[in-house]
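Here is how the chains run, residue by residue.
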Amino acid sequence: MNDFAGMEELLEDFLQESSDLLSDVDSKLLYLEKSPNDTNLLNDIFRGFHTIKGGAGFLNATELVTLCHLTENLFDKLRNGELQISPELMDVIMAATATVRDMFGYLSQGVQPPAADAALMANLDAALAGNVLP
């Protein structure tokens, strides 16, 4: 079964571009751990999730949009100084990026990805509310 019948080329382009963006985000996250206040890194990572979210929206990949939206909001708070990077927060961010990559796997098989793990979503919500332990 293909959830993307008639949109295969769009899906292929999205997966290629988004995989490249996510790889870039992954490498920038490593630098961010060493320079947690680097606004350029925070802005670049924010834009990466924002771009992936937008493409996922065109594909009606609702669960991917939801995950990227929460992660994008987290980076918005980080870049505006409302939150600070901590090891625990980095763990949540890394789990989110790994889940985005897993969702790409579903998309590459032509099926909509399932919802992200409820614990991850709860951790993102908690982080957005400022409840991640420092």
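This write-up is about the structure you can find in this document. Every chain begins its residue count from 1, and numbering advances along the sequence as written. Local features in this predicted model are restricted to residues whose pLDDT is 70 or higher, and side-chain atom pairs enter the listing and the counts only when it is 80 or higher, whereas totals over whole chains, interfaces and linings include all residues. Side-chain measures here rest on the full set of heavy atoms in the structure, leaving out hydrogens and waters.

1. Let's talk about the packing of helix α2 (residues 39-58) against helix α3 (residues 62-79)
Selection rule: To define axes, lines are fitted to C-alpha atoms, for helices over the stretch in contact only, and angles between the resulting N-to-C directions are given on a 0 to 180 degree scale. By the criteria applied, helices consist of DSSP H or I runs no shorter than four residues and strands consist of E runs no shorter than two, each listed in order from the N terminus. In this scheme, roughly parallel covers angles under 35 degrees and roughly antiparallel covers those over 145, while 65 to 115 is roughly perpendicular and the rest are oblique. Crossings are assigned a handedness: left-handed for a near helix turned anticlockwise from the far helix by less than a right angle, right-handed for a clockwise turn. In what follows, residue pairs with any heavy atoms lying within 4.5 Å of each other are defined as contacts. Ten residue types, Ala, Val, Leu, Ile, Met, Phe, Trp, Tyr, Cys and Pro, are classed as nonpolar, four, Asp, Glu, Lys and Arg, as charged, and the remainder, Gly among them, as polar.
Relative orientation of the contacting elements α2 and α3 amounts to 160°, with a least axis distance of 9 Å. The angle between the axes of α2 and α3 places the two elements in the roughly antiparallel class. Relative to α3, the crossing made by α2 is left-handed. Along the contact surface, α2 presents L42, N43, I45, F46, F49, H50, I52, K53, A56 and G57, while α3 presents L64, V65, C68, H69, T71, E72, F75, D76, L78 and R79. Of the residues in the contact of α2 with α3, the class split is 11 nonpolar, 5 polar and 4 charged.

2. Let's talk about the packing of aromatic side chains
Stated precisely, the cut-off is as follows: The pairing test for Phe, Tyr and Trp rings, Trp by its six-membered ring, is centres within 6.5 Å, and the orientation test on the planes gives stacked under 30 degrees, edge-to-face over 60, and tilted for anything in between. Throughout this description, buried means an accessible area under 20% of the type-specific maximum (1.4 Å probe, protein chains only), exposed means over 50%, and partly exposed covers the range between.
Following the criterion strictly, the structure yields 2 aromatic pairs and no others. With 6.0 Å between their ring centres and 85° between their planes, F14 and F104 make a pair best called edge-to-face. Here F14 is found in helix α1 (residues 8-34), whereas its partner F104 is found in helix α4 (residues 87-108), with 90 residues between them in sequence. Grouping residues by exposure puts F14 and F104 together as buried. For the ring pair F49 and F75, a centre distance of 6.0 Å and an interplane angle of 20° mean the geometry is stacked. Of this pair, F49 sits in helix α2 while F75 is found in helix α3, placing the two residues 26 residues apart along the sequence. Judged by its relative accessible area of 0%, F75 falls in the buried class.

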